[in-house]
Amino acid sequence: LGCESNAHTQRHTPHATAARQNLPSTQVDAPTPAVHVTVLGTGCAEPSKVRASSAIVVDVSHGGPEQRAPGAAAHTPAYRRHGCDLYTTPPDVCETSRESLRQTRHVMLLDAGEGTLQRMQTEYGPRGTDERVRHLRWIWISHHHPDHCAGVLSVLQHYHALHQAQLKVPGLECAPLVVTGPRSIGEYIHEALGVLGIAGSWYTYTHFNDMNQASQIAFEDAKARRVQLSHAQQRCADVLRCLRMQSLISVPVQHCHDAHAVVVRACEGWSVTFSGDTRPSARLVQQARGTTLLIHEATFNDDLTAHAVRKRHCTVAEALEVARKAQAATTILTHFSQRTRTPDVGGCNDREHGEQCSRVYSACDGLCLALQREH
């Protein structure tokens, strides 16, 4: 899944991604659920011709075909052709009827840097983008730096437009939407949407702490709760149950004020961890232990350790050490400095890391993976 050094000069399309990665065309079955992770942007600071700003799409389909607007042609995302199958073991929790999950789809967006909506349109096409935004349930923003949040307004505007269309056209459904992030981003979104004239109750903004609390009791019986949930926390709990999430925990990290990482664990057994921007974090290691997929920043090569310390980022070696300690099944390195043409992950092959780093890849824009159970 690694990218060739000269690959970034090509057009960022799914087919170009498949070609430059030289991956086999693999038919992806539709297990319950089928989970597809797309790294839309892998750059640091500002976007460049090589790498776009940070954004990750987690697309979860619970059996059956995609839901489509009436009259829309079936759209088979090209990224299914070059995913890698990751083995997960479903736990004996959150039992539910497969019949009740048939033909349901939920999308999560982790970070929304500058140009996120445009990157989605490049990867999925207009109809594919509409499908994913229409089924968007949760947006998580790691911190207030523009390369992680500057694209969120465009996504919200597009969601609102689809939501308004849903009121006029039977059969179109927009899912309830929760946005989680720093308090400063919540204030910015509220004021900006007010200026645009589309503020309202069609979305709910929560701070990391509110989402963590809702996550802890989302599956508890309402009568057994000792804590009275606020409206926002109740909305979070409802969305978590809809997403079939066993837990969704934001972890404070060392970067800027109110910066967090996130660990998403589903009831069906798969899990995704995203570090955001951070120095190596013991708390993240503890929360992410045994994760199916770890997406970790590796802003600098190992010869720029002083830069990493000063700017509160990680080097490649530090990210690999986090992956080793967390015992991640597969690790994707991302958020590379724009000065770095080809990240150096050669240290992953040494004896010390060996087995733990057997599945470590450096991401390029458009990298897509399919997480599914072993058949």
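See the structure shown above.
Just so it is clear, the model here is predicted, and its values are computed rather than measured. Within every chain, residues take consecutive numbers counted from 1 along the sequence as written. Confidence filtering applies because this is a predicted model: local features only for residues at pLDDT of at least 70, side-chain atom pairs given and counted only at 80 or more, and all residues used for totals across whole chains, interfaces and linings. Water and hydrogen atoms play no part in the side-chain values, which are based on all heavy atoms of the structure.

A. Just the pattern of salt bridges, in detail. We count a salt bridge whenever a side-chain nitrogen from Lys or Arg sits within 4 Å of a carboxyl oxygen from Asp or Glu. Under the defined criterion, the tally for this structure stands at seven salt bridges. With its nearest N and O atoms 3.1 Å apart, the salt bridge here joins Glu123 to Arg119. Of this pair, Glu123 and Arg119 are both found in helix 3 (residues 116-134), four residues apart, which corresponds to roughly one turn of the helix. With a 1.4 Å probe rolled over the protein chains alone, any residue whose accessible area is under 20% of its type maximum counts as buried; one over 50% counts as exposed, and the rest are partly exposed. By relative accessible area, Glu123 is classed as buried at 6%. For Arg119, a relative accessible area of 9% translates into the label buried. The structure contains a network of salt bridges with shared partners spanning Asp59, Arg105 and Arg132. Helix numbering and strand numbering both begin at the N terminus, where a helix is a DSSP run of H or I of at least 4 residues and a strand a DSSP run of E of at least 2.

B. Representation of the pairing of strand 6 (residues 177-181). Burial within strand 6 is extensive, with five of its five residues counted as buried. The two faces of strand 6 match: Leu177, Val179 and Gly181 on one face and Val178 and Thr180 on the other face are all buried. Pairing between strand 5 (residues 136-140) and strand 6: three bridges, direction parallel. Residue pairing for strand 6: Trp140 is matched across the bridge by Thr180. Whether two strands pair depends on DSSP finding at least two bridges between them. In this structure, strand 6 lies alongside strand 7 (residues 203-207), joined through five bridges in parallel fashion. Bridge assignment links Thr180 to a residue of strand 7, and that residue is Thr206. Looking down the strands as they point away from the viewer, one classifies a crossover as right-handed if the path from the first strand across the helix to the second runs clockwise. As for the winding sense of the linkage, the β-α-β connection from strand 6 through helix 6 (residues 183-196) to strand 7 is right-handed.

C. How the structure looks around the environment of Leu110. Within the element layout of this structure, Leu110 appears in strand 4 (residues 104-112). The spatial distance from the C-alpha of Leu110 to the C-alpha of Gly276 is 8.8 Å, given a sequence separation of 166 residues. Between two residues, a contact is recorded if the distance between any of their heavy atoms is within 4.5 Å. For Leu110, the contacting residues outside a window of four places in its chain are Ala55, Ile56, Val58, Trp138, Trp140, Val262 and Phe274.

D. Main features of the side chain of Ser337. Note on placement: Ser337 falls in the loop between strand 12 (330-334) and strand 13 (360-362). Exposure remark for Ser337: the relative accessible area of 7% places this residue in the buried category. For Ser337, the contacting residues outside a window of four places in its chain are Cys44, Thr299 and Phe300.

E. Seen up close, the nonpolar core. The criterion is simple. A nonpolar core is a set of buried Ala, Val, Leu, Ile, Met, Phe, Trp, Tyr and Cys residues joined through side-chain atoms within 4.5 Å. Of all hydrophobic cores here, the largest spans 37 residues; its most connected members are Val58, Met108, Trp138 and Trp270. The dominant element in this core, judged by the number of residues it contributes, is helix 8 (residues 231-243), at five residues. Within the second largest apolar cluster, 30 residues are counted, among which are Val133, Leu136, Leu156 and Leu162.

F. Main features of the packing of aromatic side chains. Stacked, tilted and edge-to-face are the three classes assigned to paired rings of Phe, Tyr and Trp, where Trp is represented by its six-membered ring and a pair needs centres within 6.5 Å; plane angles under 30 degrees give stacked, over 60 edge-to-face, the rest tilted. On inspection of all chains with the given rule, the structure shows four aromatic pairs. Plain terms: the ring middles of Trp202 and Tyr203 are 5.0 Å apart, the flat faces sit at 55° to each other, and that makes the pair tilted. Classification of Tyr203 as buried rests on a relative accessible area of 10%. Cluster of aromatic residues (ring-pair linked, three or more members): Trp140, Phe208 and Phe274. Placement of a charge over a ring requires the Lys NZ or Arg CZ to be within 6 Å of the ring centre, with the centre-to-atom vector within 35 degrees of the ring normal. It is Arg132 that lies over the ring of Tyr124; its NZ or CZ is 3.8 Å from the centre.

G. Region of interest: the sheet that holds strand 11 (residues 293-297). Spatially, 8-9-10-11-12-13 is the arrangement adopted by the six strands of the open sheet, whose pairing is mixed. Two strands close off the open sheet at either side, each with one partner strand: strand 8 (245-252) and strand 13. The average angle at which neighbouring strand axes cross in this sheet is 15°, direction not considered. Here three bridges tie strand 12 to strand 13, and the two strands are oriented parallel to one another. Following the sheet pairing, Thr331 is matched in strand 13 by Val360. Lines fitted to C-alpha atoms define the axes, with helix axes restricted to the stretch in contact, and inter-axis angles between N-to-C directions lie between 0 and 180 degrees. On the sheet, helix 7 (residues 208-217) packs against strand 8 and strand 9 (260-266) and is oriented at approximately 150° with respect to strand 8.

H. Region of interest: the packing of helix 3 against helix 5 (residues 152-168). For the pair helix 3 and helix 5, interaxial distance at closest approach is 11 Å and the crossing angle is 25°. For the element pair helix 3 / helix 5, the angle class is roughly parallel. Crossing handedness for the pair helix 3 and helix 5: right-handed. Where helix 3 abuts helix 5, its residues Thr116, Leu117, Asp130, Val133 and Arg134 lie against Ser154, Val155, His158, Tyr159 and Leu162. For the contact of helix 3 with helix 5, a count of residues per class yields five nonpolar, three polar and two charged. Oblique is the label for any angle not under 35 degrees, not over 145, and not in the 65 to 115 range, which are roughly parallel, roughly antiparallel and roughly perpendicular in turn. Definitions for this section: a left-handed crossing has its near helix turned counterclockwise from the far helix by less than a right angle. A right-handed crossing has that turn clockwise. Throughout, the ten residues Ala, Val, Leu, Ile, Met, Phe, Trp, Tyr, Cys and Pro are labelled nonpolar, Asp, Glu, Lys and Arg are labelled charged, and all others, Gly among them, are labelled polar.

I. Expanded view of helix 6. Expected helix span is taken as 1.5 Å per residue step, with the number of steps being one fewer than the number of residues. A rise of 1.5 Å per residue sets the reference length of helix 6, with its 14 residues, at 20 Å; its end C-alpha atoms lie 20 Å apart and thus fit the reference within 8%. Taken from the residues just after helix 6, Gly197 is the one with a positive phi, measuring 80°.

J. Molecular detail of unusual backbone geometry. Even without being glycine, Arg244 reaches a positive phi, approximately 60°. Among the structural elements, Arg244 can be located in the loop between helix 8 and strand 8. What makes Arg244 buried here is its relative accessible area of 13%. In this structure, His335 takes a positive phi of about 60° despite not being glycine. With respect to the helices and strands, the residue His335 is situated in the loop between strand 12 and strand 13.

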